[in-house]
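Spelled out, the chains give:
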Amino acid sequence: MREVSHRAKASKPGRRAAPRTAAARRSSSRAGARSAGSTQRRAAATSVRKLIERAAKQLDRAGVFFGHGTDNPWDDAAALVWYALALPDKVTPRTYERKVNAAGQAKVAALIERRIRERIPAVYLTGQTWFAGMPFNVDPRVLIPRSPIAELIEQRFVPWIDPARVKDILDIGTGSGCIAIACAAAFPKAKVDGSDISPEALEVAATNVRRHEAGRRVRLVKSNHFSELRGRSYDIIVSNPPYVGAQEMRQLPPEYRHEPSLALAAGPSGLDSVRVILGEAGRHLRPGGVLVVEVGNTETAVRRAFPELPFTWLDFERGGGGVFLLTAEQLNAASRGNAARRAHRVTRYRNVR
Ligand SMILES: C[S@@+](CC[C@H](N)C(=O)[O-])C[C@H]1O[C@@H](n2cnc3c(N)ncnc32)[C@H](O)[C@@H]1O
């Protein structure tokens, strides 16, 4: 199951189930009764594998949207079946052949029905997802972790920085805490600040810090970008900020409505948050430090808005993109250049007068 860039998927129009008439609803509830009866009859013969196959077909037919931790009907169905039947994390081929009784089948059916009817992303129903190989608690107070930055963390940001020199890391907009906590695991000697403006998100992040016993090295801070981090400096600043523009927000598939809009919406063109980060990160990076930011398919807008910045756009083996990297030196050189241009404009203006 690979983490999928939500904004890359978000740009595609969502597929929706056809509107249902009253007659269709009556006929479907009769079909539902028939299928409940046949479920009872088939109960003894149904295996975990068959249950997943059946659920995956239902999800596919219903046209639900994938891209919140799973990217296909099979993975989505498997996550729900695993959760409903409380199957073990350690999977063997025999797990798939286990027999499922009528009660187990009814639990799966109820979850699949909620997934389809309410368009709730599967991992909000199960309350857990995976990021950088680690499990995280999730609920609608936080964005569902799926950033391709996971891959970079697993590689300890090599070749962009020497991991041995990394002492302090900042994750801006930490949400569930997934990036901050995965960074703490990847850099066992580093301290990590995870900041977020949302107190609700920080409550969820705190449960994950406890879950991973990371409290000695991960500090959660309620902060509007850098507002509560004055005077602090870092070797790595990483962020998956909100970056969805207003028009794209209106077109998102219904699954996204279950996520906090604070985690997605970033003004008319999706640049509100990234603009603040680019403006202030240089002051908080140590020499040789790096800034890594996911902007998804707002990449084009970012390139256009900041032509003076020499972004490196990163490639990912597991897919996803729209993540840039800048060094402290590049950021500071650009801000010196901007200051010089501003001074030049003021001088020209005075000469004209
Ligand atoms: C796209 S989510 C990323 C969550 C998490 N880092 C991840 O990758 O799954 C963006 C996060 O930024 C937070 N956020 C939004 N505006 C912010 C601001 N002005 N300052 C700090 N955090 C902010 C949101 O509450 C949300 O948790």
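This write-up is about the structure you can find in this document.

All right, on to the site of the ligand then. Near the ligand there are 23 residues, and of these Gly173, Gly175, Ser198, Asn240 and Ala263 occur at the shortest range. Those elements that place two or more of their residues in the shell around the ligand are α9 (178–186) and β4 (191–196). Here the shell around the ligand is built from residues that sort into eleven nonpolar, eleven polar and one charged.

A few words on the sheet that holds strand β6 (residues 234–239). Reading across the sheet, the seven strands line up as β5-β4-β3-β6-β7-β9-β8 and stay open at both edges, with mixed pairing between neighbours. At either margin of the open sheet sits one strand with a lone partner, and together these are β5 (218–222) and β8 (312–313). With four bridges joining them, strand β3 (residues 168–172) and β6 adopt parallel strand pairing. Paired with Ile169 across the bridge in β6 is Ile236. The strands that helix α10 (residues 199–211) touches are β4 and β5; relative to β5, the one it contacts most, it runs at about 170°. Relative to the sheet, helix α12 (residues 272–284) contacts β3, β6 and β7 (285–294), its axis offset from that of β7 by approximately 165°.

Moving on, we come to the environment of Thr70. By the element assignment, Thr70 lies in the loop between α3 (48–62) and α4 (73–84). According to the C-beta neighbour criterion, Thr70 is buried, with 25 such atoms within 10 Å. Residues Thr70 and Thr129, 59 residues apart in the sequence, show an inter-C-alpha distance of 9.4 Å.

A separate point is the nonpolar core. Ala55, Leu80, Val81 and Cys183 are the most contacted members of the largest nonpolar core, which totals 82 residues. Top contributing element to this core by residue count: α9, with seven residues. Each of domain 1 (46–125) and domain 2 (128–338) gives at least three residues to this core. In this structure Val81 touches Val48, Leu51, Ile52, Ala55 and Val108, once residues within four positions along its chain are discounted.

On to the environment of Arg230, then. Considering the arrangement of structural elements, one finds Arg230 in the loop between β5 and β6. Arg230 gets classed as exposed once you count the C-beta atoms within 10 Å, which come to 9.

Procedures and definitions
- Residues numbered from 1 in each chain as written.
- Predicted model: local features only at pLDDT ≥ 70, side-chain atom pairs only at ≥ 80, totals over all residues.
- Near = placed C-beta within 6 Å.
- Helix = DSSP H or I, 4+ residues; strand = E, 2+ residues; numbered from the N terminus.
- Nonpolar A, V, L, I, M, F, W, Y, C, P; charged D, E, K, R; others polar.
- Pairing = 2+ DSSP bridges.
- Contact = placed C-beta atoms within 7 Å.
- Axes fitted to C-alpha atoms, helices over the stretch in contact; angles between N-to-C directions.
- Buried ≥ 20, exposed ≤ 12 C-beta atoms within 10 Å, placed from the backbone.
- Core = buried A, V, L, I, M, F, W, Y, C linked by C-beta atoms within 7 Å.
- Domains from an automatic or database assignment.

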